[in-house]
Amino acid sequence: MSTIRPVGNRGTHLSEPIEYGRSVIGNCLEYWPSASGETDVLIISGIHGEEPDCTVILSKAMRMLDAMPERTAIVTCANPDGINRGTRGNANGVDLNRNFPTADWSSDSVTHRWTIDCGNEVQLSSGEVGGSEPEATALIELVEKLKPKQLIALHGPLGWIDDPDDSKLAHWISEKTGLPVVADAGYPTPGSFGTWAAERGTPIITWEFPIEGIETMFHTTVPVLVELLSGAFTSPE
Ligand SMILES: [Zn+2]
């Protein structure tokens, strides 16, 4: 188990990440490997550029530890163009979480809500074909390379733990956060990373952060991620 780093030392990461690809406009796609080189869990954040809180929360949890996680690898930002520009999609206007080459990938436009209380009106593309975007193909190659036993994708702000496998890990996160476990998002998600992972046979949990300000989540969510990264849950399914 890792110990907690003194606050004064948390300004930077413990190590440099490894580049796993480039975005549409050439930004680095980076991941931190596990300390052991074995990847039981791969955590992915920031595939939606309008959810930068997920990137910051995950980074804060990493920087609280005095050692890299033993068997967990981490992508803090899977969509750097979107984060830079503050858009949900990438620089091509593609919702990357609808661009994975799944059986149900669709060329139909993708819509999302401007705010949580709006209808699904804001239009994005799902790409030319499934896997057309470099951020999606690079993530696929990373998963193929690391062969994680469990994926965790961080999103917001729906406030639930989506796990079709109803795993012990999902319930562990649920108990720690108070967020409910659900079996699916309740709406179609063709071409999603989750569907791609399921078709590949890799279990995936989608952890939707709640509608809380980021300062609140420093207290409610960061500690749970710290526990997870430090190995408090040791038997991912
Ligand atoms: Zn999202």
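Just so you know, these numbers come straight off a predicted model, no measurement behind them.

**Focus: the pairing of strand β7 (residues 150-155)**
Alright, step 1. In terms of residue burial, β7 counts as a mostly covered element, since six of its six residues are buried.
Alright, step 2. Neither face of β7 is exposed, since Q150, I152 and L154 on one face and L151, A153 and H155 on the opposite face are all buried.
Alright, step 3. With five bridges joining them, β7 and strand β10 (residues 204-208) adopt parallel strand pairing. The residue of β10 that forms the bridge with H155 is E208.

**Focus on the coordination of the zinc ion**
Alright, step 1. For the zinc ion, the full set of protein donor atoms is H48 (ND1), E51 (OE), E51 (OE) and H155 (ND1), and the range of their distances to it is 2.0 to 2.3 Å.
Alright, step 2. For the zinc ion, the four donor atoms in the first shell make angles of 56 to 148 degrees at the metal, so the coordination geometry reads as irregular.
Alright, step 3. Sequence positions of the residues that donate to the zinc ion give the spacing H-x2-E-x103-H. Of this pair, E51 sits in the loop between β3 (41-44) and α1 (52-63) while H155 sits in strand β7, and the two are 104 residues apart along the sequence. By the burial criterion, E51 is buried, and H155 matches it.

**Observations regarding the pairing of strand β6 (residues 120-124)**
Alright, step 1. Pairing of strand β5 (residues 110-113) with β6 involves four bridges; the strand directions are antiparallel. Considered in β6, the bridge of T111 is made with Q123.
Alright, step 2. A loop of six residues connects β5 with β6, the two strands running antiparallel in sequence.

**Topic: the nonpolar core**
Alright, step 1. Counting residues in each nonpolar core, the largest one holds 31 residues, and the members touching the most others are I152, L154, W207, L225 and L228.
Alright, step 2. Sorting the residues of this core by element identifies β3, α1, β7, α4 (168-177), β10, α6 (214-220) and α7 (222-229) as the ones contributing at least two each.
Alright, step 3. It is α7 that contributes the most residues to this core, six residues altogether.
Alright, step 4. In this structure, I44, L151, W196 and A197 belong to the second largest nonpolar core, which totals 24 residues.

**Comments concerning the packing of aromatic side chains**
Alright, step 1. Counting across every chain of the model gives six aromatic pairs.
Alright, step 2. For the pair F100 and F193, a centre-to-centre distance of 5.2 Å together with 50 degrees between the ring planes defines the contact as tilted. Of this pair, F100 sits in the loop between α2 (80-85) and β5 while F193 is found in helix α5 (residues 193-200), placing the two residues 93 residues apart along the sequence. There is no split in this pair, since F100 and F193 are both buried.
Alright, step 3. The rings of F100, F193 and W196 are connected pair by pair, giving a single aromatic cluster.
Alright, step 4. One residue, K60, lies across the ring of F218, its end atom 4.3 Å from the ring centre.

**Describing the pattern of salt bridges**
Alright, step 1. For the structure shown, the criterion picks out seven salt bridges.
Alright, step 2. The closest approach of N and O atoms between R200 and E144, which form a salt bridge, is 3.1 Å. Taken together, the residues R200 in helix α5 and E144 in helix α3 (residues 134-146) connect sequence positions 56 residues apart.
Alright, step 3. Here R200 falls in the partly exposed class, since its relative accessible area comes to 31%.
Alright, step 4. With relative accessibility at 36%, the residue E144 sits in the partly exposed group.
Alright, step 5. Through salt bridges with shared partners, a single network forms among D40, R71 and K149.

**Here's the deal with α7**
Alright, step 1. Burial analysis of α7 places six of its eight residues in the buried class, which makes it a mostly covered element.
Alright, step 2. When α7 is considered as a whole, its buried residues turn out to be V222, V224, L225, V226, L228 and L229.
Alright, step 3. At the exit of α7 stands G231, carrying a positive phi of roughly 95 degrees.

What counts and how
- Residues numbered from 1 in each chain as written.
- Predicted model: local features only at pLDDT ≥ 70, side-chain atom pairs only at ≥ 80, totals over all residues.
- Heavy atoms only, no water.
- Buried < 20%, exposed > 50% of the residue type's maximum accessible area, 1.4 Å probe, protein only.
- Helix = DSSP H or I, 4+ residues; strand = E, 2+ residues; numbered from the N terminus.
- Pairing = 2+ DSSP bridges.
- Donors = N, O, S within 2.8 Å, 3.2 Å for Na, K, Ca; no water.
- Tetrahedral: all angles 85-135°; square planar, octahedral: opposite > 155°, others 65-115°.
- Core = buried A, V, L, I, M, F, W, Y, C linked by side-chain atoms within 4.5 Å.
- Phe/Tyr/Trp six-rings, centres within 6.5 Å; stacked < 30°, edge-to-face > 60°.
- Lys NZ or Arg CZ within 6 Å of the ring centre and 35° of its normal.
- Salt bridge = Lys/Arg side-chain N within 4 Å of Asp/Glu carboxyl O.

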